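Architecture at a glance
Here are the chains, one letter per residue:
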Amino acid sequence: QNVPDVQARANYLSCSIETQSELVVLIRDARGKILGQIDIDSHTRAAFGPDEESAVKRVARELGALWPG
């Protein structure tokens, strides 16, 4: 989930009042079971583009592959 402007979401719950955008990517094992998530906040709106999203998804896949299944 890539949220370029968290203030545009009525149901957004932030850990910091300075958060402007957020990127959340699930970490899954080989069977698709959710193991956790990578959650990155930024004080800049629209901080995460396709390149950042792709890189974080790659890290999440690599982390999930390490999990004993």
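Described below are features of the structure shown in this document. (Residues numbered from 1 in each chain as written. Predicted model: local features only at pLDDT ≥ 70, side-chain atom pairs only at ≥ 80, totals over all residues. Heavy atoms only, no water.)

1. Details of the side chain of Ser21
This is how the line gets drawn: Strands are runs of DSSP state E lasting at least 2 residues, helices are runs of H or I lasting at least 4, and numbering of each runs from the N terminus. Each residue is placed in one exposure class: buried if its accessible area under a 1.4 Å probe, protein chains only, is under 20% of its type's maximum, exposed if it is over 50%, and partly exposed if it falls in between. Polar contact criterion, stated in full: a pair of N or O atoms within 3.5 Å, where within protein one must be able to donate a hydrogen and the other to accept it, and residues adjacent in sequence count only if both atoms are side-chain atoms. In what follows, a contact means two residues having at least one pair of non-hydrogen atoms within 4.5 Å.
Here Ser21 lies in strand E2 (residues 21-28). Note on Ser21: relative accessible area 0%, which makes it buried. Polar side-chain contacts of Ser21 include one of 2.6 Å to the backbone oxygen of Thr44. Excluding its chain neighbours within four sequence positions, the residues that come into contact with Ser21 are Val3, Pro4, Val6, Ile40, Asp41, Ser42, Thr44, Arg45, Ala46, Ala47 and Phe48.

2. Things to note about the nonpolar core
For the record, the criterion: Working definition of a nonpolar core: buried Ala, Val, Leu, Ile, Met, Phe, Trp, Tyr and Cys residues. They are joined through side-chain atoms within 4.5 Å.
One finds Leu23, Val25, Ile27, Ile38, Phe48, Val56 and Ala60 forming the largest nonpolar core, which totals seven residues. If you list the elements that add at least two residues to this core, you get E2 and helix H1 (50-66). Among the elements that line this core, the one with the most residues is E2, at three residues. Look past the residues within four positions of Val56 in its chain and what remains in contact with it is Leu23, Val25, Ile38 and Ile40.

By themselves, these are just geometric observations and shouldn't be taken as functional.
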